[in-house]
Amino acid sequence: MAKDYDYLLKVLLVGDSDVGKHEIMAGLEDGSTESPFCSGGGNSYKTTTILLDGKRVKLQLWDTSGQGRFCTIIRSYSRGAQGVILVYDITNKWSFDGIDRWLKEVEEHAPGVPKVLVGNRLHLAFKRQVAAKQAEIYASRNKMACFEISPLCDFNIRESFCELARMALHRNGMERIFRTNKVLSLQELCCRTIVRRTSVYAIDTLPLPPSVKKHLKSYALTSSQCINTLTNTKKSRCKTPTQSSTRNSCSIS
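Residues numbered from 1 in each chain as written. Predicted model: local features only at pLDDT ≥ 70, side-chain atom pairs only at ≥ 80, totals over all residues. Heavy atoms only, no water.

Enquirer: What is the right way to read the side chain of Lys46 from this model?
Expert: Counting through the fold element by element, Lys46 comes out in strand E3 (residues 43–52). A polar side-chain atom of Lys46 sits 2.7 Å from the main-chain carbonyl oxygen of Met25. (Helix = DSSP H or I, 4+ residues; strand = E, 2+ residues; numbered from the N terminus. Polar contact = N/O pair within 3.5 Å; in protein donor to acceptor, adjacent residues only side chain to side chain.)

Enquirer: I would appreciate a short explanation of the packing of aromatic side chains in the present structure.
Expert: Aromatic ring pairs are reported here in terms of the distance separating the ring centres and the angle at which the planes meet. In this structure the tally under the stated criterion is three aromatic pairs. Between Tyr45 and Trp62, the ring centres sit 4.3 Å apart and the planes meet at 45°, which makes this aromatic pair tilted. Remark: Trp62 occurs in strand E4 (residues 55–64) and Tyr45 occurs in strand E3; sequence separation between them is 17 residues. One exposure class covers both Tyr45 and Trp62, and it is buried. With 5.0 Å between their ring centres and 70° between their planes, Tyr88 and Phe96 make a pair best called edge-to-face. There is no split in this pair, since Tyr88 and Phe96 are both buried. (Phe/Tyr/Trp six-rings, centres within 6.5 Å; stacked < 30°, edge-to-face > 60°. Buried < 20%, exposed > 50% of the residue type's maximum accessible area, 1.4 Å probe, protein only.)

Enquirer: How do you make sense of the environment of Arg121 when you look at a structure like this?
Expert: Mapped onto the elements of the fold, Arg121 is located in the loop between strand E6 (115–120) and helix H5 (132–141). The sequence separation of Arg121 and Glu148 amounts to 27 residues, and the corresponding C-alpha distance is 7.8 Å. Excluding residues within four positions of it along the chain, Arg121 makes contact with Asp18, Val19, Gly20, Glu23, Asp89, Ile90, Ile149 and Pro151. A polar contact is formed between the side chain of Arg121 and the side chain of Glu23, at a distance of 3.0 Å. (Contact = heavy atoms within 4.5 Å.)

So this is what it looks like as structure tokens:
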């Protein structure tokens, strides 16, 4: 069966209890019928699909409980994780101070994994205990992206997951996928069409200005299409003596 996504990423949500991780996951659209949103046993699991630069990225979201007796869950679920969302409550300074502990735990069991710092419950900004600038400085110091979100207003939630997915795909060497959606120039389209239908050796015979021929040659030499053309040309040249000798031998016999 054809997949309903282009890339699959495993994402962990970590943070102290009562920072709103469950709220974040509950507000996301459930993108899987075979594994619906479930909660219990100290963790929650959900899948959702986001559209990132024309590519469908399916996220497997694991919400690890913030209670101390569930810290072992991170050690088990961090294996194979491609991204981590660190959640704190902007109205609770203790939850922000606890990010240090969660960050240390993540770095120990999933070193180098892209991370995004998320300040939840922005709709309660009038009760704020953590300044946005303070969170930005902390995130910059630890090489993380930073967002303040609100599940109640559906603000910045999808943007934070999109940024994490982009960082994870770049880390896994998939940055080229974002270049395929650019609009090609007319000149590049013409060069691609001509090179696809001819070889490097036949470009000189085309009724084109010398400057255009020169550009076509340079484009052809750096194009994978040209490599295939050259390979096919060499194969045909190598086969020509064999075919002729076979015909001669047949005629002689």
